[in-house]
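Here is how the chains run, residue by residue.
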Amino acid sequence: MTALGVVFRPQLPPERLRAVARLADSTGLEELWLWEDCFREGGISTAAAALAWTERVRIGVGLLPVPLRNVAVTAMETAGLHRMFPGRATVVVGHGVQEWMGQVGARAESPVTLLREHLLALRALLRGERLTTEGRYVKLDDVALDWPPEGPVEVLAGATGPRTLRLAGEAADGTLLTASTAPDGVRAARQLIDEGRKAAGRDEPHKVVVYLLAATGADAAARLGAELAAEGVADVPDLGVAGDARVVAEAVRRIVDAGADTVVLQPTGDEPDPEGFVRFVAEEVRPLVP
């Protein structure tokens, strides 16, 4: 069965998260995704709170910008989530928005090199390994977690460009694609990911999670169009969806047919009823998605 989720947009104040998370949990929604978005909300702090407030819904953090984070900190926080809430957290790492990274003095000269080093070190630390490495960006001297996760942990990479998509296949356990990815883009991404997997000699499953910008209600088309225009992607065919549950479910199925394992419905930044959107996805869209 296709996994279905919803994004809690960081345009909402953090104090709104509790009600949204509890509603996602009580309505049976599989996944709720959070963003570490400069300069709105932190990913790990909000994920820990959402996990503590709920019992069963999976919480995804998509994504943690690696230029902001020492890999040992990422590993400690990720391990903590998995030990406290086994099987319920998904952590994604990625480049982050380069303009924002520049604002805080963390912009890397080679983002792909940094992400590769971070992914390899993070996955090793989460496997409980003791690591010494002297990379261009990641430097560790005899580092191991005292409290590694008790079982295998997936680490996903956020990716858009060809080099990063190949890197995700090579060095991550899954890939997160943004809401600017239409079905044809998902197919192309899958091909690039598979090229990276083949080059690295990997044959284990590789999860692909895709955000899908969605709106429902009387003004859905207008809100969707405004957000696509603001993002500069209004002319991209088959991007985003506005309509009732049937229309949204059809868009989800197109993304799944293109290669997604999980589709996360991303409301517009001006969604007037975040709780209503969660209920709409859980109670109306979910039954229509196999």
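Everything quoted here is computed from the prediction, not taken from an experiment.

*Asks:* Please explain the nonpolar core as it appears in this structure.
*Replies:* Within soluble globular proteins, side chains that are nonpolar generally end up buried alongside one another. Formed by 79 residues in total, the largest nonpolar core has its most connected members in L32, L119, L265 and V285. With 9 residues, helix α5 (residues 111-126) is the single largest residue contributor to this core. The next biggest cluster of nonpolar side chains, apart from the first, holds 19 residues, and it includes L63, V209, L224 and V264.

*Asks:* Whenever I open this one, the pattern of salt bridges confuses me. Can you help?
*Replies:* If the charged atoms of two oppositely charged side chains come close together, the side chains can form a pair. For the structure on display, the rule yields 26 salt bridges. E134 is the salt-bridge partner of K139, the closest N and O atoms lying 3.4 Å from each other. Look at K139 and you get partly exposed, because its relative accessible area is 44%. Judged by its relative accessible area of 65%, E134 falls in the exposed class. D184 is the salt-bridge partner of R187, the closest N and O atoms lying 2.9 Å from each other. Here R187 pairs with D184, and both are found in helix α7 (residues 183-199), just 3 residues apart, close to one helical turn.

*Asks:* How should a nonpolar patch on the surface be read in this particular structure?
*Replies:* A cluster of nonpolar residues, F39, L68 and V104, forms a patch on the protein surface that exposes about 270 Å² of accessible area. Judged by its relative accessible area of 37%, L68 is partly exposed.

*Asks:* Sorry if this is basic, but what is going on with the pairing of strand β5 (residues 131-134) here?
*Replies:* A regular strand carries its side chains on alternate faces of the sheet. Inspection of the sheet shows β5 paired to strand β6 (residues 139-143) by 3 bridges, in the antiparallel sense. Bridge assignment links E134 to a residue of β6, and that residue is K139. Two successive antiparallel strands, β5 and β6, enclose a turn made up of 4 residues.

*Asks:* I keep staring at the side chain of R197 and nothing clicks. Help me out?
*Replies:* As for its placement among the helices and strands, R197 is situated in helix α7. Judged by relative accessible area, R197 falls into the buried class, the value being 15%. Those residues in contact with R197, other than ones at most four positions away along the chain, are G169, E170, R202, D203, E204, P205 and H206.

*Asks:* Quick question: what am I supposed to make of α5 here?
*Replies:* One turn of an α-helix holds 3.6 residues; hence residues three or four places apart share an orientation. Taking 1.5 Å per residue as the helical rise, α5 with its 16 residues ought to reach 22 Å, and the 22 Å between its terminal C-alpha atoms agrees with that figure. V112, L114, L115, E117, H118, L119, A121, L122, R123, A124, L125 and L126 are the residues of α5 that are buried. Taken together, the buried residues of α5 touch α3 (71-84), β4 (89-94), β5, β6, β7 (155-158) and α6 (162-171). Downstream of α5 by a residue or two, G128 has a phi angle that is positive, lying close to 90 degrees.

Cut-offs and rules
In this numbering scheme, every chain counts its residues from 1 along its sequence in written order. The model is predicted, so local features are restricted to residues of pLDDT at least 70 and side-chain atom pairs to those at 80 or more, both for listing and for counting; the totals for chains, interfaces and linings are taken over all residues. To obtain the side-chain values, all non-hydrogen atoms of the structure were used and water was disregarded. The definition of a nonpolar core used throughout is a set of buried Ala, Val, Leu, Ile, Met, Phe, Trp, Tyr and Cys residues joined through side-chain atoms within 4.5 Å. Note on exposure labels: buried denotes an accessible area under 20% of the residue type's maximum, exposed denotes more than 50%, and partly exposed covers the range between, all computed with a 1.4 Å probe on protein chains only. Numbered from the N terminus, helices here are DSSP runs of H or I no shorter than four residues, and strands are runs of E no shorter than two. Here, a salt bridge means any side-chain nitrogen of Lys or Arg that lies within 4 Å of a carboxyl oxygen of Asp or Glu. Nonpolar side chains (Val, Leu, Ile, Met, Phe, Trp, Tyr) are joined into patches within 5 Å and like charges within 9 Å, using only residues with over 30% relative accessible area and no salt bridge. Accessible surface area values rest on a Shrake-Rupley calculation with a 1.4 Å probe, where residue burial reflects the displayed protein chains alone. Only when DSSP finds a minimum of two bridges between them are two strands counted as paired. Residue contacts are counted whenever heavy atoms from the two residues lie within 4.5 Å of one another. Expected span of a helix, by definition, is 1.5 Å for each gap between consecutive residues, and there is one gap fewer than residues.

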